[in-house]
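Structural characterization, general
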Amino acid sequence: MNELSRLARDYCELIESAEDNDISWLRRLSSLLPQLHAAVTALGAPPRNANYFNPDLDARFELFATLRRLLGHRDAYWMEFDVAPDEQGMSGSLADDLTDIYCELKHGLHLIEDERAPERAFDDWCCGYQEHWGQHLLDAERHLYELVNRNQL
């Protein structure tokens, strides 16, 4: 479980340090996400008393807007159900994926820092992964894989 908390910390620090003129954070992110995926999957099923985390929507939107601006043309991607022939129909957003993952992981890191409930972090991460951010993780991994293969990172 220490590995997951280390990866969560690395992820959050990477998102917090993202800059306009440097996309190297995206290259680092493309190698970090599969490690994060493996670590959270290793936790198994969430316990019955785990809670799904509800983020502060104002803070979430602020981070989303920042990431969307930083990603620019790299943000939008096609989902399997998109049918519009133009780019206006792209419904996937890497900024949305990264924001939701960040909010869940940051919540767990705060729980770890709170010495009264560090074990709850892993329960909440596991529950949130199965209920919500796991799909965002898969979508972000897939989109970054495509960006790397198209030499856009």
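These numbers come from a predicted model, not from an experiment.

Applying the stated criterion to the full structure yields 3 aromatic pairs. Between phenylalanine 61 and phenylalanine 64 the ring centres are 6.1 Å apart and the planes differ by 45°, which places this aromatic pair in the tilted class. On the criterion of helical spacing, the pair formed by phenylalanine 61 and phenylalanine 64 is a turn pair, its members being 3 residues apart in helix α3 (residues 57-71). A relative accessible area of 55% places phenylalanine 61 in the exposed class. Exposure remark for phenylalanine 64: the relative accessible area of 13% places this residue in the buried category. Ring plane angle 75° and centroid distance 5.4 Å describe the contact between tyrosine 129 and tryptophan 133, whose orientation is recorded as edge-to-face. One end of the pair, tyrosine 129, and the other, tryptophan 133, are both in helix α5 (residues 118-149), 4 residues apart, so they sit about a helical turn from each other. With respect to burial, tyrosine 129 and tryptophan 133 carry one shared label: buried.

Here the focus is the packing of helix α2 (residues 24-41) against α5. At a minimum axis distance of 10 Å, the contact between α2 and α5 shows a crossing angle of 145°. Considering the relative orientation of α2 and α5, their crossing is left-handed. Of the residues in α5, those in contact with Leu26, Leu29, Ser30, Leu33, Pro34, Leu36, His37, Val40 and Thr41 of α2 are Trp125, Tyr129, Trp133, Leu137, Leu138, Ala140, Glu141, Leu144 and Val148. Classifying every residue of the contact of α2 with α5 by side-chain character gives 14 nonpolar, 3 polar and 1 charged.

Counting residues in each nonpolar core, the largest one holds 37 residues, and the members touching the most others are Tyr11, Ile15, Trp25, Leu29, Leu36, Leu98 and Leu105. Beyond its immediate sequence surroundings of up to four residues, leucine 98 is in contact with Tyr11, Ile15, Trp25, Leu29, Leu67, Leu71 and Ala140.

Once that is clear, we can look at unusual backbone geometry. Unusually for a residue other than glycine, asparagine 151 sits at a positive phi of about 55°. Mapped onto the fold, asparagine 151 is located in the segment after α5.

Before going further, it helps to examine the environment of proline 55. The residue proline 55 is located in the loop between α2 and α3 in this model. Once the C-alpha coordinates of proline 55 and aspartate 100 are considered, the two residues, 45 residues apart in sequence, prove to be 8.7 Å apart.

Right, let's talk about α2 for a bit. The end-to-end C-alpha separation of α2 is 26 Å, in line with the 26 Å expected for 18 residues at 1.5 Å each. Along α2, the sharpest change in direction is near 25° and occurs at serine 31; proline proline 34 comes one to four residues later. For α2, the set of buried residues is Ser24, Trp25, Leu26, Leu29, Leu32, Leu33, Leu36, His37, Ala39 and Val40. Of the surrounding elements, those touching the buried residues of α2 are α1 (2-16), α3, α4 (94-113) and α5.

Rules of the game
Here the residue index of a chain counts from 1 through its sequence in written order. Per-residue local features are limited, in this predicted model, to residues with pLDDT of at least 70; the limit for side-chain atom pairs, both in listing and counting, is 80 or more; totals at the level of whole chains, interfaces and linings are taken over all residues. Water and hydrogen atoms were dropped before computing side-chain values, which therefore reflect all heavy atoms in the structure. Each aromatic pair joins two rings of Phe, Tyr and Trp (for Trp, the six-membered one) with centres within 6.5 Å, and gets the label stacked for planes under 30 degrees apart, edge-to-face for over 60, and tilted for any other angle. Put simply, DSSP marks the helices as runs of H or I at least four residues long and the strands as runs of E at least two long, and each gets a number from the N terminus on. Partly exposed describes any residue whose relative accessible area lies between the buried limit of under 20% and the exposed limit of over 50%, with all areas from a 1.4 Å probe on protein chains only and scaled to the type maximum. To get an axis, fit a line to the C-alpha atoms, keeping to the stretch in contact for a helix; angles then go from 0 to 180 degrees between the N-to-C directions. For any helix crossing, the convention is left-handed if the near helix is rotated counterclockwise from the far helix by under a right angle, and right-handed if that rotation is clockwise. Two residues qualify as a contact provided that any one of their heavy atoms is within 4.5 Å of a heavy atom in the partner residue. Under this grouping Gly is polar, as are all residues other than the nonpolar Ala, Val, Leu, Ile, Met, Phe, Trp, Tyr, Cys and Pro and the charged Asp, Glu, Lys and Arg. Among buried residues, those of type Ala, Val, Leu, Ile, Met, Phe, Trp, Tyr and Cys that are joined through side-chain atoms within 4.5 Å constitute a nonpolar core. One less than the residue count of a helix, multiplied by 1.5 Å, gives the span that helix is expected to have. Consider a residue and the seven residues that end there alongside the seven that start there; fitting an axis to each set, the bend is the angle between those axes.

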